[in-house]
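# Examination of the molecular architecture
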Protein chains: 2
Amino acid sequence: MTKITASIITIGDELLIGQVIDTNSAWMAQELNKIGVWVQHRIAVGDVWEDIWQALDEEALRSDIIFITGGLGPTADDITKPLLCTYFGGTMVMDLPTLEHVTYLFEHVFKRPMPLLDRNKKQAEVPDVCTVLKNERGTAPGMQFEKNGKLFFSLPGVPHEMKGLMSDHIFSLLKERFKLPYIGHSTLLTVGVGESYLADMIQSFEEVLPENVKLAYLPNYGMVRLRLTAHGAERQTVDALLEQQFTALKMLVQEFVAADEDIAMNEIVGRLLKAKGKSVTTAESCTGGYIAHLITALPGASAYFKGSVVSYDNTVKQNVLKVNSNTLEINGAVSEQTVIEMLQGALNLMQTDYGIAVSGIMGPDGGTEEKPVGTVWVAVGNKWHVETKKLHFRFSRERNIELTAINALNLLRLFILKNDTA
Amino acid sequence: MTKITASIITIGDELLIGQVIDTNSAWMAQELNKIGVWVQHRIAVGDVWEDIWQALDEEALRSDIIFITGGLGPTADDITKPLLCTYFGGTMVMDLPTLEHVTYLFEHVFKRPMPLLDRNKKQAEVPDVCTVLKNERGTAPGMQFEKNGKLFFSLPGVPHEMKGLMSDHIFSLLKERFKLPYIGHSTLLTVGVGESYLADMIQSFEEVLPENVKLAYLPNYGMVRLRLTAHGAERQTVDALLEQQFTALKMLVQEFVAADEDIAMNEIVGRLLKAKGKSVTTAESCTGGYIAHLITALPGASAYFKGSVVSYDNTVKQNVLKVNSNTLEINGAVSEQTVIEMLQGALNLMQTDYGIAVSGIMGPDGGTEEKPVGTVWVAVGNKWHVETKKLHFRFSRERNIELTAINALNLLRLFILKNDTA
């Protein structure tokens, strides 16, 4: 069975200049991988004719399928469409179904009071050598080309439009076209142990891994994901092998496992609360609402989340959460006693089963010798028990906020597992 | 003056498989651009010897400077260091200052109870043909190589370590080594107008732009940034030209300008509040704390932000924000009257000058025929005046939350500009 390979070319000066972060490629790679297409190369080029041309030439030599994203907007800095037209030896023509769709979008969806501009109409022009893929979510159509047996797809750079085109057309098209191998992944999320120690714990496991199974270490925010990837012709065989290896791996690192799938900490906690039928609140100082945001980023959070108080200012800690003014005066806002009282205040106010309270110094300013930037107190608990922990981070404000949130959620997870054994 | 060009090679299966998003390249490109180095190519390859080797060969032909990130971790899936050693014709040797540094980090910073593992010590091994760049923030050192007059830098993939190495060593090194051109950027942030209409408004301006000035349209979350980029040998000349063109551009789209620099909406609002000496609160239902998070993501937010109530559940809207139960019963949680009362409740509770309240249906579930997914009510105001707006989005939950937050902040911005003319 031959491996079907893909390259992703992203086009746009904004990527090279770093003004936008490329999230498209990650999504595409992940989804393509699921259907057995191996993305082996990703490349970003500017809005430069020769660079795009060269990238097309090079990637066509390398891969079976070439995805091109970006460079299809209605404005003048885009040169992709004419280039593709020349590259594949076509002539630009107006695609009437696309024009109808663009007109419909402007009139009925965007509800623009202004008339359709020539440059909007131009979006419906395509090379006559392509197959048009209808973009339900926007004005720039997807285009499919073929040259020397290689498949090319040109897609708009707007993430939700690109995703829509992939889901509406391309995945099914690829499955029909190629006899795809099956690629399986299993991911273990570990917390509280470093990459090196994990590696030592599973060294002998790793040494005897079958040839078609790969292990990767993915450290992120104090957690390390261990990912096993296996491939083969038959789904059943691959899955069986993967499960066998995954079970062995899990046994070896058992004590550090937070989840046996690739999910984020907020989802682990959300599922746990849902399974237990319990609710949660947060009282946040230094994280400024970020923990509540993580919880509510998931659909269905209303089943276990009621609300939060962001008590950034001490007056809010006192007036809303009823933290004692003496506590703040004597211990300071970043202290064990303060987070305990914040937690109790939030549990009372929101009437939930569990709560998280955090107070810390995220930086870059506000640190003292006694409480340097990165000092955080966390309390988790219910109305009978509270557990606290002092954390120390040493990073940027953004990363400190993220790490505080992840750690606080993990502490709540451990608390629930220990105290709610029903 | 010759243009100094760079390529960025990111290494790691996790990038190709889409399990992590590459944020490093964007930061590197942005910062390199500031010092006059033009990133013309970015490429991602897997942990495959031949692919990395080929990428080094190809990018060395293309660019003056080649950055390599990732593939330096302590675990077995990393092959980058031995490859670099072979590629540049060296032998692996133990670098004693690095070993000392790694030992110090484990003992004093990570405070690991466990002993230093062989694989940790191995991180201090480097090819004898490289110049070691000390990594203050982690165990994997940066490495500088040279071949056929091209400069190569190998950096760890952990973002804050990579950033540290760039800032501590590489920028100054490049400035000394090359006579760098000056590259200037000016960005205008517009709100409330589409890319196509902007393009039509400034078409004649764009047509006569000097050859060394480029214009880019960067649409994002209902805003469009217009970026002018100019380059030349002399900073003064470039800046003068850029300013002249930028002023002309600003005049043409004046009515839609939210900021004349590349900053995010939360920063615009934060600066405005700071300048006016006023404070703000938020009462958030559907955004679940995300607006508060955006406000507090900025250092110094305590000057104008006191706190927020996330009132996800109706009981919290009633009990904490004192929304009338009749209001909720008759109008529903997603209604004009509810956000008005949420706003008043938050202003009373938090004692701030201004407030934002939002309630909506973010999806994917919870929509009705009358109030489909994407329906949002926003209220902004102070204790004397309130303005409301009904918004309609049609995207994913994540994007709906983001768009609601950006739009709500923008409404507050407009409200302050209109009502606080002091």
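Residue positions within a chain follow its written sequence, with the count starting from 1. Chain letters and ligand numbers both follow the written order, the letters beginning at A and the numbers at 1. For this predicted model, a pLDDT threshold of at least 70 governs which residues receive local features, and a threshold of 80 or more governs which side-chain atom pairs are given and counted, while totals over whole chains, interfaces and linings are taken from all residues. Heavy atoms throughout the structure, all of them, feed into the side-chain values; hydrogens and water do not.

- Going by the annotation in an unreviewed UniProt entry, the name recorded for chain A is CinA-like protein, with Limnovirga soli given as the source organism.
- Check the Sequence similarities (unreviewed entry) section of the UniProt entry for chain A; it says "Belongs to the CinA family." UniProt positions are given in the numbering used here, feature names are shortened, and annotations may be inferred rather than shown by experiment.

## Focus on the packing of helix H3 (residues 49-62) of chain B against helix H4 (residues 80-87) of chain B
Residues and elements named next belong to chain B.
- Direction vectors running N to C along H3 and H4 enclose 50°, while the axes themselves pass 11 Å from each other. Between H3 and H4, the angle is such that the two are oblique. Considering the relative orientation of H3 and H4, their crossing is right-handed. Contact residues: Trp49, Ile52, Trp53, Leu56 and Asp57 in H3; Pro82, Leu83, Leu84, Thr86 and Tyr87 in H4.
- By residue class, the composition of the contact of H3 with H4 is eight nonpolar, one polar and one charged. Axes, fitted as lines to C-alpha atoms, cover a helix only where it is in contact. Angles between the N-to-C directions of the axes lie from 0 to 180 degrees. Comment: elements are numbered from the N terminus, with helices defined as DSSP H or I runs of at least four residues and strands as E runs of at least two. The cut-offs work like this: below 35 degrees is roughly parallel, past 145 is roughly antiparallel, 65 to 115 is roughly perpendicular, and the gaps in between are oblique. Should the near helix be turned anticlockwise from the far one by less than a right angle, the crossing is termed left-handed; should it be turned clockwise, right-handed. Contacts are assigned to residue pairs that have any heavy atoms within 4.5 Å of one another. Residue polarity is assigned by list, with Asp, Glu, Lys and Arg as charged and Ala, Val, Leu, Ile, Met, Phe, Trp, Tyr, Cys and Pro as nonpolar; anything else, Gly included, falls into the polar class.

## Things to note about the sheet that holds strand E11 (residues 223-232) of chain A
All names here are of chain A.
- Taken in spatial order, the four strands line up as E10-E11-E9-E12 in an open sheet, and their pairing is antiparallel. Strand pairing shows two members of the sheet lacking a second neighbour, strand E10 (213-220) and strand E12 (257-259), which therefore form its edges. Put simply, the sheet's adjacent strands are angled 30° from each other on average, direction ignored.
- Taken together, the two bridges between strand E9 (residues 182-191) and E12 define a ladder with antiparallel strand orientation. Residue Leu189 lies in a different strand from E12, and its bridge partner there is Ala259. When DSSP locates at least two bridges between a pair of strands, those strands are taken to pair.

## What about the relation of the copies chain B and chain A?
- For the pair chain B and chain A, the superposition axis carries a translation of 0.1 Å, the fit reaches an RMSD of 0.1 Å, and the rotation angle comes to 180°. Read as a symmetry element, the transformation amounts to a two-fold axis.
- Mapped onto chain A, 100% of the interface residues of chain B again fall at the interface, so both copies present the same surface. In this comparison the copies share one frame, found by least squares on the C-alpha atoms of residues holding pLDDT of at least 70 in both.

## What about helix H2 (residues 24-34) of chain B?
Residues and elements named next belong to chain B.
- With a 1.4 Å probe rolled over the protein chains alone, any residue whose accessible area is under 20% of its type maximum counts as buried; one over 50% counts as exposed, and the rest are partly exposed. Within H2, nine of the 11 residues are buried, which leaves it mostly tucked inside the rest of the structure.
- When H2 is considered as a whole, its buried residues turn out to be Asn24, Ser25, Ala26, Trp27, Met28, Ala29, Glu31, Leu32 and Asn33.
- The positive-phi residue at the C-terminal boundary of H2 is Gly36, with phi of around 95°.

## Considering the interface of chain B and chain A
- Of the residues lining the interface, 95 residues belong to chain B; the matching set on chain A comes to 95 residues.
- Criterion for a salt bridge: a side-chain nitrogen of Lys or Arg within 4 Å of a carboxyl oxygen of Asp or Glu. Where chain B touches chain A, the interface holds six salt bridges.
- With its nearest N and O atoms 3.2 Å apart, the salt bridge here joins Arg62 of chain A to Glu58 of chain B.
- Under this definition, polar contacts are N or O atom pairs within 3.5 Å; protein pairs additionally need one hydrogen-donor-capable and one acceptor-capable atom, and for neighbouring residues in sequence, both atoms have to be side-chain atoms. On the surface where chain B and chain A come into contact, there are 29 residue pairs in polar contact (both at pLDDT 80 or more).
- Both strand E2 (residues 37-45) of chain A and strand E2 (residues 37-45) of chain B contribute to a ladder of five bridges, which runs antiparallel. By the bridge assignment for E2 of chain B, Arg42 of chain A is matched with Ala44 of chain B.

## Considerations on the packing of aromatic side chains
All names here are of chain B.
- To pair, rings of Phe, Tyr and Trp, with the six-membered ring standing in for Trp, must have centres within 6.5 Å; the planes then decide the type, stacked if under 30 degrees apart, edge-to-face if over 60, and tilted in the middle. Overall, the coordinates contain 20 aromatic pairs over all chains when judged by the stated rule.
- Seen in terms of ring centroids, Trp53 and Tyr87 are 4.8 Å apart; in terms of plane orientation they differ by 75°. Their pairing is edge-to-face. A residue pair is termed long-range when its members are at least 10 positions apart, and Trp53 in helix H3 and Tyr87 in helix H4 qualify at 34 residues.
- Ring centres of Phe67 and Phe153 lie 5.5 Å apart, and the angle between their planes is 20°; this geometry places the pair in the stacked category.

## Here's the deal with the packing of helix H3 (residues 49-62) of chain A against H3 of chain B
- At a minimum axis separation of 15 Å, H3 of chain A and H3 of chain B run at an interaxial angle of 165°. By the angle between their axes, H3 of chain A is roughly antiparallel relative to H3 of chain B. In terms of crossing hand, the pair formed by H3 of chain A and H3 of chain B is right-handed. From H3 of chain A, Gln54, Glu58 and Arg62 of chain A reach across to H3 of chain B, where they touch Gln54, Glu58 and Arg62 of chain B.
- The residue inventory of the contact of H3 of chain A with H3 of chain B, partitioned by class, reads no nonpolar, two polar and four charged.

## Some remarks on the sheet that holds strand E13 (residues 280-284) of chain A
- Strand order in the open sheet formed by 10 strands is E17(A)-E16(A)-E15(A)-E13(A)-E14(A)-E14(B)-E13(B)-E15(B)-E16(B)-E17(B), with mixed pairing between adjacent strands. A strand with exactly one partner marks an edge of an open sheet, and here the two such strands are strand E17 (386-392) of chain A together with strand E17 (386-392) of chain B. When the angles between neighbouring strand axes are averaged without regard to direction, this sheet yields 10°.
- Examined bridge by bridge, strand E13 (residues 280-284) of chain B and strand E15 (residues 354-360) of chain B share five bridges and lie parallel to one another.

## Here's the deal with the pairing of strand E15 (residues 354-360) of chain A
All names here are of chain A.
- With seven of seven residues buried, E15 lies mostly within the body of the structure.
- Neither face of E15 is left uncovered, since the one carrying Tyr354, Ile356, Val358 and Gly360 and the one carrying Gly355, Ala357 and Ser359 both have all their residues buried.
- Bridge count for E15 against strand E16 (residues 375-381) is six bridges, and the pairing is antiparallel. Bridge pairing in E16 links Ala357 to Ala379.

## Section: helix H7 (residues 159-177) of chain A
Residue and element names in this part refer to chain A.
- The end-to-end C-alpha distance of H7, which contains 19 residues, comes to 25 Å, matching closely the 27 Å that a straight helix rising 1.5 Å per residue would cover.
- By definition, a residue's bend is the angle between the axes fitted to the seven residues ending there and the seven starting there. Where H7 bends most, the angle comes to about 45°, and this point is Ser167.
- Those residues of H7 that fall on the buried side of the exposure criterion are His160, Glu161, Met162, Gly164, Leu165, Met166, Ile170, Phe171 and Leu174. Expected helix span is given by 1.5 Å per residue-to-residue step, counting one fewer step than there are residues.

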